[in-house]
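Structural characterization, general
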Amino acid sequence: MKKKTPEFKNEDAERKFWTNADSTKYLDWQSGKRKKLVQLRPRHLAAVRLSEGNIESSTENGLSRSQFGARAPLMIELLDKAIERLTEVASCKHGCRGQDHTVENLVRRLVNLSLAALKLSKVGYYDEALLLVRSGAEVANLLQLFSLSRDVHTRWRTNSEEREFRPVQVRLAIEKSGSQPFTSASHYKALSARAAHTTHEFALTSHGEGGHVGPWLAVPGFLLTLAETFEIVRSCISIVGALTDQPSEVQSELSALFEEMAKERSPITVENYVTALRATLESS
Ligand SMILES: [Zn+2]
């Protein structure tokens, strides 16, 4: 049972309230029980800076008490399992191909980016976590292109600075071969707009409950970064087995994990985040 959010006289009063309140006690993302989202305008920011350690323990507590919804802990469990599998691939656990290990090293980069994104999400840096997800998305698309053409991989080994290996060209090449890129143009654009491009919107939006400086606990922000990290990792699970010539039993296990992850896909993405959040809030 969530606490009732008080009525606020103005934005300052609401901001002050959320500075001290534990948002997970009030906000129920699953059923959307929250009165109003502060609309950010250029103004001074709340001066309170929370500790990362406190936010991390609140996040862990919230997860264990289903405050992030019932599916979030399941998604984290599957994500851990998938990252573990990618770690095995990156470190030749099931056999070494004896090549130059470039694919294995790209998988390693993806593992590290995903672990770092999860860590940042847990301590309340959601926008920054998305920046890592965006880099992960580039790695994932490149691996996808390699899985479609071994020739491309050979060319990349000798000259990865070429224009054809820029993120947009990689995406176009995947599309040209008739496949759907793991990260589409619109998805990449949304990640960039929220996390990387220094636009006016970039200055004002945040996954926190308002314009706070420093880390902040926000259920929707965490669910979004979790979903985005999950998607990148899930995509790669579908191709790394064949791409790194894993033994057939390992490839079967990876396929099974991919199917299991498909069942837990979150409906929240960076593309529909604002619309979904608004709809949830308006329906409450
Ligand atoms: Zn090796």
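Residues numbered from 1 in each chain as written. Predicted model: local features only at pLDDT ≥ 70, side-chain atom pairs only at ≥ 80, totals over all residues.

**Observations regarding the overall build of the protein**
When its secondary structure is counted, the protein shows 13 helices and zero strands. What you see in the protein, going N to C, is helices and strands ordered as α-α-α-α-α-α-α-α-α-α-α-α-α. Counting only residues that meet the buried cut, the protein has 36% of its 284 residues in that class. A separation of at least 24 residues holds for 77% of the contacts in the protein among residues at least 6 apart in sequence. (Helix = DSSP H or I, 4+ residues; strand = E, 2+ residues; numbered from the N terminus. Buried ≥ 20, exposed ≤ 12 C-beta atoms within 10 Å, placed from the backbone. Contact = placed C-beta atoms within 7 Å.)

**Considerations on the packing of helix 5 (residues 126-148) against helix 10 (residues 219-237)**
It is at 10 Å that the axes of helix 5 and helix 10 come closest, and there the two elements cross at 15°. The pairing of helix 5 with helix 10 is recorded here as roughly parallel in orientation. Here helix 5 and helix 10 pass one another in a crossing that is left-handed. When helix 5 is examined against helix 10, the residues Tyr126, Ala129, Leu130, Val133, Gly136, Ala137, Ala140 and Leu143 are found in contact with a partner set consisting of Gly221, Phe222, Leu224, Thr225, Glu228, Thr229, Ile232, Ser235 and Cys236. Its residues placed into classes, the contact of helix 5 with helix 10 shows eleven nonpolar, five polar and one charged. (Axes fitted to C-alpha atoms, helices over the stretch in contact; angles between N-to-C directions. Parallel < 35°, antiparallel > 145°, perpendicular 65-115°, else oblique. Left-handed = near helix turned anticlockwise from the far one by under 90°. Nonpolar A, V, L, I, M, F, W, Y, C, P; charged D, E, K, R; others polar.)

**Points about the nonpolar core**
Membership of the largest hydrophobic core comes to 61 residues, with the highest contact counts inside it found for Leu86, Val107, Leu110, Leu143 and Cys236. Residue contributions to this core peak at twelve residues, all from helix 5. Once you skip the residues sitting within four places of it in the chain, Leu143 turns out to touch Val103, Leu106, Cys236, Ile239 and Leu243. (Core = buried A, V, L, I, M, F, W, Y, C linked by C-beta atoms within 7 Å.)

**Some words on the confidence of the model for the protein**
Averaged over every residue, the pLDDT of the protein is 84; residues scoring 70 or more account for 78%. Low pLDDT, under 50, characterises residues 27-40; the predicted model gives this stretch 30 contacts beyond four residues in sequence or across chains. (pLDDT = per-residue confidence, 0-100.)

**A short note on helix 5**
Look at helix 5: 33 Å from first C-alpha to last across 23 residues, which is about the 33 Å you get at 1.5 Å a residue. Counting buried residues in helix 5 gives 18 out of 23 residues, a clear majority hidden from the surface. (Expected span 1.5 Å × (residues − 1).)

**Focus: the environment of Asn54**
Within the secondary structure, Asn54 is located in helix 2 (residues 52-64). For the pair Asn54 and Val123, spaced 69 residues apart in sequence, the C-alpha separation works out to 8.0 Å.

**Quick notes on the packing of helix 5 against helix 7 (residues 167-176)**
Packed helices, taken two at a time, are described by the angle between their axes plus the distance between the axes. Relative to each other, helix 5 and helix 7 sit at 40°, their axes nearing to 9 Å. One finds that helix 5 runs oblique with respect to helix 7. The handedness of the crossing between helix 5 and helix 7 is left-handed. Between helix 5 and helix 7, the contacting residues are Glu138, Asn141, Leu142, Gln144, Leu145 and Leu148 on the first element and Pro167, Val170, Arg171, Ala173 and Ile174 on the second. Here the residues of the contact of helix 5 with helix 7 are counted per class, giving seven nonpolar, two polar and two charged.

**Focus on the environment of Gln144**
Relative to the elements of secondary structure, Gln144 occurs in helix 5. The class of Gln144 is buried, set by 24 C-beta atoms lying within 10 Å. Spatially, the C-alpha atom of Gln144 lies 7.6 Å from that of Ile174, the residues being 30 residues apart in sequence. Every residue in contact with Gln144, bar those within four places of it in the chain, is listed here: Ile174, Pro181, Phe182 and Ile239.

**Focus on helix 3 (residues 71-90)**
Relative to the 28 Å expected for 20 residues at 1.5 Å per residue, helix 3 spans 28 Å between its end C-alpha atoms, a close match to the ideal helical length. Every buried residue belonging to helix 3 is among Ala72, Met75, Leu79, Ala82, Arg85, Leu86, Val89 and Ala90, and all of these are buried. Take helix 3 and look down its axis: the buried residues cluster within an arc of 140°, on one side only. Counted as exposed and oriented over 90 degrees from the buried face of helix 3: Glu77 and Glu84. Check the buried side of helix 3 and you find it contacts helix 2, helix 4 (102-122), helix 10, helix 11 (240-243) and helix 12 (248-263). (Arc of directions from axis to C-beta.)

**Focus: unusual backbone geometry**
One non-glycine residue, His101, adopts positive backbone phi at about 65°. By the secondary structure assignment, His101 is in the loop between helix 3 and helix 4. Under the C-beta neighbour-count criterion, His101 is labelled partly exposed, with 16 such atoms within 10 Å. The backbone phi angle of Asp245 is positive, close to 50°, even though this residue is not glycine.

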